[in-house]
Amino acid sequence: MAKVLKFGGSSVATPESITQVKAIVEQSADNKFVVVSALGGITDQLVKSCAMAASGDENFKKELNEVEQRHLSAAKSLVEPRQQGHVLSELKVMLNELEDYLQSIARLRELTPKMQDYALSFGERMSAFLLSETIADAALIDSRSIIKTDSAFGKARVNFEKTNDIARATLREVKGRAVLPGFIASDESGNTTTLGRGGSDYTAAILAAAIGASSVEIWTDVDGFMTADPRKVEKAYPIKHLSYSEVFELSNFGAKVVYPPTVHPLLADNIAMQIKNTFNPTADGTLVDAHADTSGNQAIKGISSIDDIALLTLHGVGMTGISGISRRLFGALAEAKVNVILISQASSEQSITFAIMPEHVEQAMQTIEGEFEAEMHRQTIGLKIENEMSIIAIVGENMRRMPGISGKLFNALGKNGVNVVAIAQGSSELNISTVVHRLNLRKALNVIHEAFFLSGYREVHLYIAGVGTVGGNLVQQIRQQREDLMKNHRLKVNVVGVMNSKKMLFDVQGVSLDDVRGELDRKGAPLNLNNFVQRIASVNLRNSIFVDCTASADVAEVYEKALQSFVSVVTANKIACSSSYERYRKLQEASRTRGVKFLYETNVGAGLPVIKTINELMLSGDKVTKLEAVLSGTLNFIFNTISEAVPMSRAIRMAKEKGYSEPDPRIDLSGVDVLRKVLILARECGYPLEKSDVEISTFLPATCFSTPTVDMFFDEVQQLDADFEARRKALYTAGKRWRFVASLCDGKAKIGLQEVDAMHPFFNLQGSDNIITLHTERYSAQPMVIKGAGAGAAVTAAGVFGDIIRVANI
C-alpha cells in the first residue's frame, strides 16, 4: 500500500538536505505521495514581506530578492544543467507573480487574511515544484485542487466529504510518485486558503485518510517525539511509541513535532504515523498509533510546554452560588475569538482561572469587562491578569493506572523552589498541566524530567566559595572522582561558579577544574558577594548547592539568602552555626521550609561523622546525656609534639607550617575554635546554648593574645617554653598527658586543658586526631566513641564532598 511522506521546512532548507530527501523518497516504491513545506525560513520571510508591503516599506523588495536567490540557487544545485532552463523559468514566473502581488498590497496599503494566504502559498508551491523536478518519476499536484475548506483564511476548516471524494478520484490516477505542497488548500470559490502554521502535517494526514494509505511518515530534524524539548532539557531522549491521544496532548501543549489537528483524520481511519529524522534516517523515530503502550512502568511519556502565556482570574463573592458565570465568561470569550488553553476553577466557586496567549489579553479584558460590567461596578467581581507565565504538561496514558503521579510532580517542583501558580487535570488522567512563572520554566522542565525519566543520571550544580587550602583540595577531589561518580553512581557533579576573596567566575556549562585558581584569576570579575548569591538565584539551575570553604563571616552571612532561594548550603565554615542561637535556628528553619539541605558536618571533627551520628541518634529517640571530646586537631598535634627537643613555641610553629592551625594560631590556642565546635554539638544535642554559656579556661596568659602581630606572639610564647617544659616533665613522670577537652553534661558546656592518665580513652590519641565520646540513654554503660583525623585540608575537603553527596542523595 502507498505511504504518504511529509518533509518539513528544515528537511528542505538547503540543496544538501533536499538531496537527502530525494534519497529517502527513492529508496522504496511504496513512498508514493510526498507532501512538502516551504524551504526553511521562507514562510517567515513571506509574512515579513507582506507586513512591510502593507506598511509601505519598500524593503519588502530586499526580502523578496533573498527569497528569489535561495530558490534559484537551489535549482542550479539540484537540477541537471539541461533541465535548468525549464525549472528556472517556472520559478521566475512564480516569483514575478509574487512580486506583482506584493506590489499590489503596497499600493493598497492593505493586508487581509485572504491576501496573506495567497502570498504565503508561493512558499509551498515553489518548494513542491523544485522537489518534483528533483525526485525521479514524480508528478506535481497542486493541493488546492484537492483539499477543500471554508473561507476562514489563516486557519481554514476542511470539508472532508468533498476533499475525500476529490482526493480518491485524483490520486488514484497517479502513476509513479506525486509531490504536493503542504499547508495550502482552497475554498468553494477557488480562493487560496491555509490550514494554519504547521499545516503541512495536516495536509499529509488529510490525504492519507482520503486514500487509505498504509502509513504516514513525518520527516523532520529530530529523532522523533522527545521526552521534553531538547533545547531546554539536554537529557531529553526519543520516545519509541505514543498513542494518538498522547500525541494530541503533547502537541496541544507546545510540542512542535506535529501540528495538533494532524491527529484527527489518522485516528478516525486508524492509520499509523512514524516521526523520522531526515538527517538521521536510520534512527528508530517514534511510532504513533491508536494503542497505548502499557508494557513498561513508565508513568508519563513526555513533557511539553507553552513558553509564554497570560493567566487571567475572574474572582469575587459575586460568583459564589450564581449559576451561569462560566457560561457567560467562556461564551463571551468564544464570541470574541479568544482561545482558552487551560482552565482551573476553585471548589469555593469564588474564582475561575484560565490561560490565553499574550496577544489576546487586551481583547479578553475588554470582553470580560463588557460582560461583567454590572458586577465589576458593584465590586463583587474582579479580574486579575498575570503575564510572563508558562504552562507545563506531563502526558501519558499510564498515569491513570499509577497512584502518586501528582505528588511526585509537585514534590520535584517544590524541592527546587518552583512555585505552581495554577493546576488543571481532566478526569481522563491523561494530562496534568501546571502554570509556573516563565523565569522558572527551564528549571521546572529539567527537575520534572529528572523525576520521571531519571535521564540516566542525576546532576548537581556547585557554587564554591573559597578555592584555597580546603576549597582547592575539594576541587581536586571532585576532578579525580567525577568520572567514577558518573560511571558507577550516575551522578554528574558540575562546578558552575567559584569565588575567592577578590574575584568570582560563573560558567553554566561548567568551570574547568584543571586550573580553577588560574581561571578565576584570568577570567573572574571583581567579587561582589551579594551579586554572587543573586546570580545563583537568577541562573536558577536545579539541584544547586552553595559550598563554603572559607572562614569568612561575610560569606556566612549569605546562607539564609541562599536557602530562601531554594539553594542547598554545605559549609566547612563554623561561624554561622556558632553565632547566636537565633541565627542558627533561622538557618535550620529556612532549610526545612524550603525543602533544601543545610549541612555542616565538617564544622566539628573535619571528616568524622559526628554531627550526622548525633542527628541519627536524636531522630531515633535517643538523648545525649554527656559528651567529652578532643575537638582541636591543632591543639592535639601541639600537645603530642612538645618534648624535651621540641619546645611549646616550636610545636606551635610546626602546626602552622603543616596547615593544621589557622594562619594566626592564636585563634586555635585561645580555645575559640573548640568553643565554636562544642557550641554546635550542644545545639545538635538539643541544648539552646549561647557562647556566653560555655565555660572556657585557656592555658596561655592573656598577654599572648593581646600582641599586635603573630611574630610578637611567638616571641611571647618563647618566653614560656622553659615553664612548659618543666610542667611537661612532671606530667610525664606521673604517667599523664595534656589534652584540651570539651565537655557537655546536663546542658552545661566547658572547655580547658586536662591531664589524663593511661586509663583515659584520650591518653593514646595520636597526631592531630580528634575523639568524641557520646553517653546517651541507650549508650549509658559504654559510650559511643568516634575517633580519627580531625584536621587537615584533605580530610576536611573529603567531609565537605561527603555532604555534597548527601545533598545529591545517591
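Residues numbered from 1 in each chain as written. Predicted model: local features only at pLDDT ≥ 70, side-chain atom pairs only at ≥ 80, totals over all residues. Heavy atoms only, no water.

**Here's the deal with the overall build of the protein chain**
Test applied: Strands here mean DSSP runs of E at least two residues long; helices mean DSSP runs of H or I at least four residues long; both are numbered from the N terminus. Only the C-alpha atoms count toward the radius of gyration. The rule for a globule is 2.2 Å times the residue count to the power 0.38. Whether a residue is buried, partly exposed or exposed follows from its accessible area with a 1.4 Å probe, protein chains only, as a fraction of its type maximum: under 20%, in between, or over 50%, in that order.
Check the secondary structure of the protein chain and you find 29 helices and 29 strands. Over its C-alpha atoms the protein chain spans a radius of gyration of 36 Å, topping by over 25% the 28 Å that the globule rule assigns to 810 residues. Dimensions of the protein chain along its principal axes, counting C-alpha atoms only, are 115 × 70 × 55 Å. The proportion of buried residues among the 810 residues of the protein chain is 54%.

**Comments concerning unusual backbone geometry**
Despite not being glycine, Lys337 has its phi angle at roughly 60°, a positive value. Examined against the element boundaries, Lys337 turns out to sit in the loop between α10 (325-335) and β12 (342-345). Phi at Asn543 is positive, roughly 50°, even though this residue is not glycine. Following the sequence through the fold, Asn543 ends up in the loop between α17 (529-539) and β21 (544-548). Given the relative accessible area of 12%, Asn543 is considered buried.

**Structural notes on the sheet that holds β12**
For clarity, the threshold we go by: If DSSP finds at least two bridges between two strands, the strands pair. Each axis is a line fitted through C-alpha atoms, and for a helix only the stretch in contact is used; angles between axes span 0 to 180 degrees, taken between their N-to-C directions.
Strand order across the open sheet formed by six strands is β12-β13-β11-β14-β16-β15, with antiparallel pairing between neighbours. Strands with a single pairing partner mark the edges of an open sheet, and in this sheet they are β12 and β15 (420-425). Each neighbouring strand pair of the sheet contributes to a mean axis angle of 30°, computed without reference to strand direction. As defined by bridge partners, β15 adjoins strand β16 (residues 431-437) across five bridges and the pair is classed as antiparallel.

**Some thoughts on helix α20 (residues 581-594)**
Test applied: How far a helix is expected to stretch is found by multiplying one less than its residue total by 1.5 Å. Directions are taken from the helix axis to each C-beta atom, and the arc is the one they span. For this analysis, residues touch if any pair of their heavy atoms sits within 4.5 Å.
Taking 1.5 Å as the rise per residue, α20 with 14 residues should run 20 Å; its terminal C-alpha atoms sit 20 Å apart, in good agreement. All of the buried residues along α20 are Arg583, Tyr584, Leu587, Gln588, Ala590 and Ser591. One face of α20 carries all of its buried residues, which in axial projection span an arc of 155°. Opposite the packed face of α20, turned more than 90 degrees from it, sit the exposed residues Arg592 and Thr593. Each element contacted by the buried residues of α20 is listed here: α18 (553-556), α19 (559-564), β23 (598-599) and α25 (672-684).

**Considerations on the packing of helix α3 (residues 60-78) against helix α5 (residues 113-134)**
Here is the rule: Note on terminology: angles under 35 degrees are roughly parallel, angles over 145 are roughly antiparallel, angles of 65 to 115 are roughly perpendicular, and the others are oblique.
It is the contact of α3 with α5, at a shortest axis distance of 10 Å, that shows an interaxial angle of 5°. When the interaxial angle is binned, α3 and α5 end up roughly parallel. Contacts between α3 and α5 pair Val67, His71, Ala74, Ala75 and Leu78 from the former with Met126, Leu130 and Thr134 from the latter.

**Things to note about the packing of aromatic side chains**
Applied cut-off: Ring geometry is summarised as follows: Phe, Tyr and Trp rings, the Trp one being its six-membered ring, pair when their centres sit within 6.5 Å, and such pairs are stacked at plane angles under 30 degrees, edge-to-face over 60 and tilted between the two. Two conditions define a charge sitting above a ring: the NZ of Lys or the CZ of Arg must be within 6 Å of the ring centre, and it must be within 35 degrees of the ring normal.
All told, the structure shown has 21 aromatic pairs when counted by the stated rule. Ring geometry for Tyr463 against Phe532: centres 6.4 Å apart, planes inclined by 90°, an arrangement best described as edge-to-face. Highlighted residues: Tyr463 in strand β17 (residues 458-465) and Phe532 in helix α17, separated in sequence by 69 residues. By relative accessible area, Tyr463 is classed as buried at 1%. Cluster of aromatic residues (ring-pair linked, three or more members): Tyr463, Phe506, Phe532, Phe546, Tyr559, Phe598 and Tyr600. Taking NZ or CZ as reference, Arg125 lies 4.2 Å from the ring centre of Phe122, over its face. Lying over the aromatic face of Phe714, Arg653 brings its terminal NZ or CZ to 4.0 Å of the ring centre.

**Concerning the side chain of Asp721**
What counts here: We treat Lys and Arg as the positive residues and Asp and Glu as the negative residues; His and chain ends play no part in the count. The salt bridge criterion pairs a side-chain nitrogen of Lys or Arg with a carboxyl oxygen of Asp or Glu, the two atoms within 4 Å.
As for its position among the elements, Asp721 is in helix α28 (residues 721-733). This buried residue, Asp721, is left without a salt bridge; Arg653 holds the nearest opposite charge, at 8.4 Å. Ignoring sequence-local partners within four residues, the contact set of Asp721 consists of Pro647, Met648 and Ser649.

**Focus: the sheet that holds strand β29 (residues 784-789)**
Spatially, six strands are ordered β25-β27-β26-β24-β28-β29 in an open sheet, and the strand pairing comes out mixed. Single-partner strands in this sheet number two, and they are β25 (694-696) and β29. Neighbour to neighbour, the strand axes of the sheet diverge by 25° on average, direction disregarded. Examined bridge by bridge, β25 and strand β27 (residues 748-757) share three bridges and lie parallel to one another.

**A look at the nonpolar core**
For clarity, the threshold we go by: Definition used in this section: a nonpolar core is a set of buried Ala, Val, Leu, Ile, Met, Phe, Trp, Tyr and Cys residues joined via side-chain atoms within 4.5 Å.
Ranked by size, the top nonpolar core spans 82 residues in total, and within it Phe546 and Leu627 carry the most contacts. Examining the composition of this core, we find that seven residues originate from one element, α25, more than from any other. In this structure Phe546 touches Tyr463, Ala465, Phe532, Ile536, Val555, Val558, Tyr559, Val567, Ser568, Val569 and Val570, once residues within four positions along its chain are discounted. Counting residues in hydrophobic clusters, the runner-up holds 55 residues, among them Ile146, Val216, Leu242 and Ala355.

**Side note on the environment of Ala292**
Of note, Ala292 is situated in the loop between β10 (286-289) and β11 (302-315). According to the relative accessible area criterion, Ala292 is partly exposed, its value standing at 27%. Here Ala292 is in contact with His241, Ser243 and Glu397, once residues within four sequence places are set aside.

**Focus: the pairing of β27**
The sheet contact formed by strand β26 (residues 736-745) and β27 spans 10 bridges and is antiparallel. Residue pairing in the sheet places Arg737 in a bridge with Val756 of β27. Hairpin connection from β26 to β27: two residues lie between these consecutive antiparallel strands, with Asp746 at a positive phi of about 55°.

**Some words on the pairing of β12**
Only one face of β12 is buried, namely the one carrying Leu342 and Ser344, since none of Ile343 and Gln345 on the opposite face is buried. Sheet topology places β12 next to strand β13 (residues 351-356); four bridges connect them, and they run antiparallel. Residue pairing for β13: Ser344 is matched across the bridge by Thr353. In this antiparallel pair of consecutive strands, β12 and β13, the connection spans five residues, and Glu349 shows a positive phi of 65°.

**A word on the environment of His760**
With respect to the helices and strands, the residue His760 is situated in the loop between β27 and β28 (769-776). Look at His760 and you get partly exposed, because its relative accessible area is 23%. Along the primary structure His760 and Ile141 are separated by 619 residues, whereas in three dimensions their C-alpha atoms are 98 Å apart.

**Some remarks on helix α13 (residues 405-415)**
Restricting attention to buried positions, one finds in α13 the residues Ile405, Leu409, Ala412 and Leu413. Down the axis of α13, the smallest arc covering the buried residues is 95°, so these residues share one side. Downstream of α13 by a residue or two, Gly417 has a phi angle that is positive, lying close to 75°.

**Description of the packing of helix α22 (residues 633-641) against helix α23 (residues 648-657)**
The test is simple: By convention the crossing between two helices is left-handed if the near helix lies anticlockwise of the far one by an angle smaller than a right angle, and right-handed if it lies clockwise. Polar here means any residue other than Ala, Val, Leu, Ile, Met, Phe, Trp, Tyr, Cys and Pro, which are nonpolar, and Asp, Glu, Lys and Arg, which are charged; Gly is therefore polar.
Where α22 contacts α23, the two axes come as close as 9 Å, and the packing angle between them is 140°. Between α22 and α23, the angle is such that the two are oblique. The handedness of the crossing between α22 and α23 comes out as right-handed. Two secondary-structure elements touch here, α22 through Thr634, Phe637, Ile638, Phe639 and Thr641 and α23 through Met648, Ala651, Ile652, Met654 and Ala655. In terms of residue class, the contact of α22 with α23 is built from eight nonpolar, two polar and no charged.

Scope: geometric values only; no functional claims are made or implied.
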